[in-house]
Amino acid sequence: MVNFTNNNNGTAQAEVLILGLPDHINQLGTVNYNNEDLTQRIDTYRHHHLIHSTLGKISSTLLSLENESKRLITVGLGNLKSLNYAELLKAFGHLFQFLKAEGITNADVLFETFISKEVAQKKVAEVFGLQSEQAIYVFDNYKSNKSAPYQLDLNIISENENLVSEIEKGVIVGQSINLARDFSNMPPNILTPAYFAEQIEDHFAETKVDIDIKDGETLLAEGFGLIHAVGKGSENQPRVITLTYNGAQNDTPPIALVGKGITYDSGGYSIKSKMGMQTMKFDMCGAANVVGMIEAASRLKLPINIVGVIASAENMINHNAMKPDDVFTALSGETVEMLNSDAEGRLVLGDAVFYANQFKPSIILDFATLTGAAVAALGEDKAALFSSNADKDIQDILASAKAVDEFAFELPITSTEQRLIRNSDVADLVNHTNGQGKALFAATFVTHFSGETPHIHFDIAGPATTNVKSYRGPKGPTGSMITTVVNWLRQ
Ligand code: BES
Ligand code: MN
Ligand code: ZN
């Protein structure tokens, strides 16, 4: 946890001083701290390589003031003229990781030194807040040796007293990402569909987000035939969790956010290989990220309505599990021939999307670790987006992703896939094709269930998790698309 307070007279309060260091001294402006002009001194330190301006490089040295000495920590900003959002993300990520590693608990921040012409002051503040949470995330709930809780107090020295409230907005987004990460990291023997639902209910208990939970029996009785089919091979029965946030007039159509919440994907009878099965607890990242988006939207008090629908099930094997050749009736009333039990995500999403559409949303967005094919196409760090009747919105979302440094690219839905999803000898639809283009097939299957409603499908099988630690935080779940979507919702 980082606490931010504003200090607008520039007097020293802490033992540590933090400032941004650009390549060119004339970009630094005048550094005034405690009624001393430090500009020349900073330049001399840089000249003697005690501190470095390379983008993202953190340096630490001694700074002697008139009657006391301080630790000076600088954040390399490179060429301030071209400093953009992505670079700030990196610089601030490294800063907070450094502060935490060094165990620093209190510091003054000369915030004006981070402001460039490229990025609005508000945005700089937001990225600062975002990284104060996102970059230093740890998950050690199941370690005996837990890291001590990290507490840092920062005095934000700036004339602009509103900066702290802008920083807090970034903090909210960072905490929302970390909430999604916490759910995603939970082991699957603990985070079953029922437990996931309970935890979501507990989390939003004292908030303006309402939660409704449908259990396995209810889902069967109400005709959620596809979700029921996926879940029936496990003793941990499925759940549909509906989250409602109303920040606008009641008659404003909501934005629907749908999440794939497979708490474990063994593949079922179309069983995965032993290597393919590892990490399949992360098959609920789409759902976790939807929870994160709703957390952020509600805490930022966005003036919009949202309905979140999470389809949670465990894809397992028992005597009752679905098997290839089975036919099930979807909530839509259509029959689906199930040819591959590992293509379970599109099944639960089909029912969840059809259900979300009952709320008459202006648009449906769904998030799913849906296909290995999307990873094969775009690599491990890029989301594949598909539009069904949402050509304008997808452009806005792609632009939003770019603006917040998340990779997202569009893939098509064509008449080829429209034909293939109907290519069953016995039923209306089929959940699998043996041919190529499997990410497109899956996207077409899912969006089929929203009819004419604008719908954007996000296949986040790649970027939902990462194998490398970075300025965004440790390896593991990433909260993929939370900043992109929240940024888009705010516009
Ligand atoms: N959850 C997987 C997709 C996945 C694979 C996510 C790797 C993250 C990493 C999904 O349910 C799945 O098994 N998809 C199959 C579909 C196939 C059977 C058509 C796949 O992509 O192999
Ligand atoms: Mn699967
Ligand atoms: Zn899956």
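Residues numbered from 1 in each chain as written. Chains lettered and ligands numbered in written order. Predicted model: local features only at pLDDT ≥ 70, side-chain atom pairs only at ≥ 80, totals over all residues. Heavy atoms only, no water.

1. Let's talk about the sheet that holds strand β15 (residues 363-368)
Reading across the sheet, the 8 strands line up as β9-β10-β12-β11-β15-β19-β16-β17 and stay open at both edges, with mixed pairing between neighbours. Of all the strands in the sheet, the pair left with one neighbour each is β9 (209-214) and β17 (408-410). For this sheet the average axis-to-axis angle between neighbouring strands, irrespective of direction, equals 20°. Relative to strand β19 (residues 455-459), strand β16 (residues 383-388) is paired through 5 bridges, and the arrangement is antiparallel. (Pairing = 2+ DSSP bridges. Helix = DSSP H or I, 4+ residues; strand = E, 2+ residues; numbered from the N terminus. Axes fitted to C-alpha atoms, helices over the stretch in contact; angles between N-to-C directions.)

2. Considerations on the packing of helix α4 (residues 121-134) against helix α5 (residues 163-185)
Between α4 and α5, the least distance of the axes is 6 Å, while the angle of their chain directions is 35°. Like other packed secondary-structure pairs, α4 and α5 cross with a definite hand, here right-handed. From α4, Gln121, Lys122, Ala125, Glu126, Phe128, Gly129, Leu130, Ser132, Glu133 and Gln134 reach across to α5, where they touch Leu163, Glu166, Ile167, Lys169, Gly170, Val171, Val173, Gly174, Gln175, Ile177, Asn178 and Arg181. (Left-handed = near helix turned anticlockwise from the far one by under 90°. Contact = heavy atoms within 4.5 Å.)

3. Points about the coordination of the zinc ion (ligand 3)
Only Lys260 (NZ), Asp265 (OD), Asp283 (OD) and Glu344 (OE) from the protein coordinate the zinc ion (ligand 3), and they sit 2.0 to 2.4 Å from it. The coordination sphere of the zinc ion (ligand 3) comprises 6 donor atoms, whose angles at the metal cover 79 to 174°; the geometry is octahedral. All donor residues of the zinc ion (ligand 3) come from one chain, and their arrangement in sequence is K-x4-D-x17-D-x60-E. Between the zinc ion (ligand 3) and the manganese ion (ligand 2), a separation of 3.1 Å is found, and both are coordinated by Asp265. On the criterion of sequence distance, the pair formed by Asp265 in strand β11 (residues 255-265) and Asp283 in the loop between α9 (274-277) and α10 (285-299) is long-range, its members being 18 residues apart. Accessibility expressed as a relative area gives 2% for Asp283, which makes it buried. (Donors = N, O, S within 2.8 Å, 3.2 Å for Na, K, Ca; no water. Tetrahedral: all angles 85-135°; square planar, octahedral: opposite > 155°, others 65-115°. Buried < 20%, exposed > 50% of the residue type's maximum accessible area, 1.4 Å probe, protein only.)

4. Considerations on a nonpolar patch on the surface
Together, Tyr269, Ile271 and Ile317 line one region of the surface with nonpolar side chains, adding up to about 280 Å² of accessible area. By relative accessible area, which is 41% here, Tyr269 ends up partly exposed. (Patch = residues over 30% accessible without salt bridge, like charges linked within 9 Å, V, L, I, M, F, W, Y side chains within 5 Å. Areas by Shrake-Rupley, 256 points an atom, 1.4 Å probe, with all protein chains shown as cover. Salt bridge = Lys/Arg side-chain N within 4 Å of Asp/Glu carboxyl O.)

5. A look at the site of ligand 1
The immediate surroundings of ligand 1 are formed by 16 residues, with Asp265, Lys272, Asp283, Asp342 and Gly372 found nearest. Between Asp265 and ligand 1, the recorded distance is 2.9 Å, taken from a side-chain N or O atom to an oxygen atom. In this structure, Leu370 approaches ligand 1 through a main-chain N or O atom, which is 3.4 Å from a nitrogen atom. Expressed as a share of its isolated accessible area of 510 Å², the protein-covered part of ligand 1 is 78%. Each residue belonging to the shell around ligand 1 can be placed in one class, and the counts come to 3 nonpolar, 5 polar and 8 charged. (Near = heavy atom within 4 Å. Polar contact = N/O pair within 3.5 Å; in protein donor to acceptor, adjacent residues only side chain to side chain. Nonpolar A, V, L, I, M, F, W, Y, C, P; charged D, E, K, R; others polar.)

6. Quick word on the packing of aromatic side chains
Aromatic ring pairs are described here by two measures, namely the spacing of the ring centres and the angle between the planes. By the definition in use, this model includes 14 aromatic pairs. One aromatic cluster in this structure is built from Phe4, Phe92, Phe96, Phe111, Phe114 and Phe128. Just above the ring of Phe407 sits the side chain of Lys382; from NZ or CZ to the centre is 5.3 Å. (Phe/Tyr/Trp six-rings, centres within 6.5 Å; stacked < 30°, edge-to-face > 60°. Lys NZ or Arg CZ within 6 Å of the ring centre and 35° of its normal.)

7. Quick look at the domain arrangement of the chain
For the chain, the assigned domains read domain 1 (2-158) and domain 2 (174-490). Residue-level contacts link 17 residues of domain 1 with 22 residues of domain 2. Counting each side, the surface lost to burial between domain 1 and domain 2 is near 1700 Å², with a carbon and sulfur contribution of 57%. Contact with domain 2 buries surface across domain 1, with Gln134, Tyr137 and Tyr142 losing the most and accounting together for 37% of the total. Taken together, the connections running from domain 1 to domain 2 amount to 1 salt bridge. In this structure, Glu126 engages Arg490 in a salt bridge whose closest nitrogen and oxygen atoms are separated by 3.0 Å. Counting across the domain 1 and domain 2 interface gives 8 residue pairs in polar contact (both at pLDDT 80 or more). Elements with a minimum of two residues in the side of domain 1 that touches domain 2: α3 (85-101) and α4. (Domains from an automatic or database assignment. Buried area = accessible area lost by both parts, 1.4 Å probe.)

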